[in-house]
Amino acid sequence: MTFPSSGQILRIYIGESDCIHHKPLYEAIVLKAREAGLAGATVLRGAMGFGASSHLHTAKILRLSMDLPVVIEIVDSAEKIAGFLPYLEEVVTGGHVTMEEVRILKYHGAAKE
């Protein structure tokens, strides 16, 4: 797959317990990104964080949180990212979404056997 040398990175910051249709929101976003033909998506689970409410979420043993921060990163062309934004507008009701320009140095899919 050829890929442009420049693109955008989309980051979606949500809580681990955020759901849509009884499914984790991060899972729904990744599956929708795949369905939309985006290059790839990665879900990162945070050890600690806080959002607009300033409520601290942490994975420390003494303060075990059931709602750790989650970041979903998606890198693709500006056009494909722009086409995905209306879906995020619908499903991300808390948290925030950021986007920035990136230089793509290498992109290779796994060899299929």
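Report follows, based on the coordinates. All of these numbers come straight from a predicted model, not from anything done at the bench.

Scoring rules and cut-offs
Residues numbered from 1 in each chain as written. Predicted model: local features only at pLDDT ≥ 70, side-chain atom pairs only at ≥ 80, totals over all residues. Heavy atoms only, no water. Helix = DSSP H or I, 4+ residues; strand = E, 2+ residues; numbered from the N terminus. Buried < 20%, exposed > 50% of the residue type's maximum accessible area, 1.4 Å probe, protein only. Areas by Shrake-Rupley, 256 points an atom, 1.4 Å probe, with all protein chains shown as cover. Pairing = 2+ DSSP bridges. Axes fitted to C-alpha atoms, helices over the stretch in contact; angles between N-to-C directions. Parallel < 35°, antiparallel > 145°, perpendicular 65-115°, else oblique. Left-handed = near helix turned anticlockwise from the far one by under 90°. Contact = heavy atoms within 4.5 Å. Nonpolar A, V, L, I, M, F, W, Y, C, P; charged D, E, K, R; others polar.

### Focus on the overall build of the protein chain
Phase 1: Within the protein chain, the regular secondary structure consists of two helices and eight strands.
Phase 2: Listed N to C, the secondary structure of the protein chain is β-β-β-α-β-β-β-β-α-β in terms of helices and strands.
Phase 3: Buried residues in the protein chain amount to 28% of all 113 residues.
Phase 4: Accessible area of the protein chain: about 8000 Å², with a carbon and sulfur share of 56%.

### What about the sheet that holds strand β7 (residues 69–76)?
Phase 1: Strand order in this open sheet of four strands is β4-β7-β1-β8, and the pairing throughout is antiparallel. One side of each edge strand has no neighbouring strand; the edge strands of this open sheet are β4 (41–45) and β8 (96–103). The average undirected angle you get between the axes of adjacent strands in this sheet is 20°.
Phase 2: Where β4 lies against β7, five bridges are found, and the strand directions are antiparallel.

### Re the packing of helix α1 (residues 25–35) against helix α2 (residues 78–91)
Phase 1: It is at 11 Å that the axes of α1 and α2 come closest, and there the two elements cross at 160°. In terms of their interaxial angle, α1 and α2 are classed as roughly antiparallel. Pair α1 / α2 crosses with right-handed handedness. Note on element contacts: α2 touches α1 through Phe84, Tyr87, Leu88 and Val91, opposite Leu25, Ala28, Ile29, Lys32 and Ala33.
Phase 2: Among the residues forming the contact of α1 with α2, the class breakdown is eight nonpolar, no polar and one charged.

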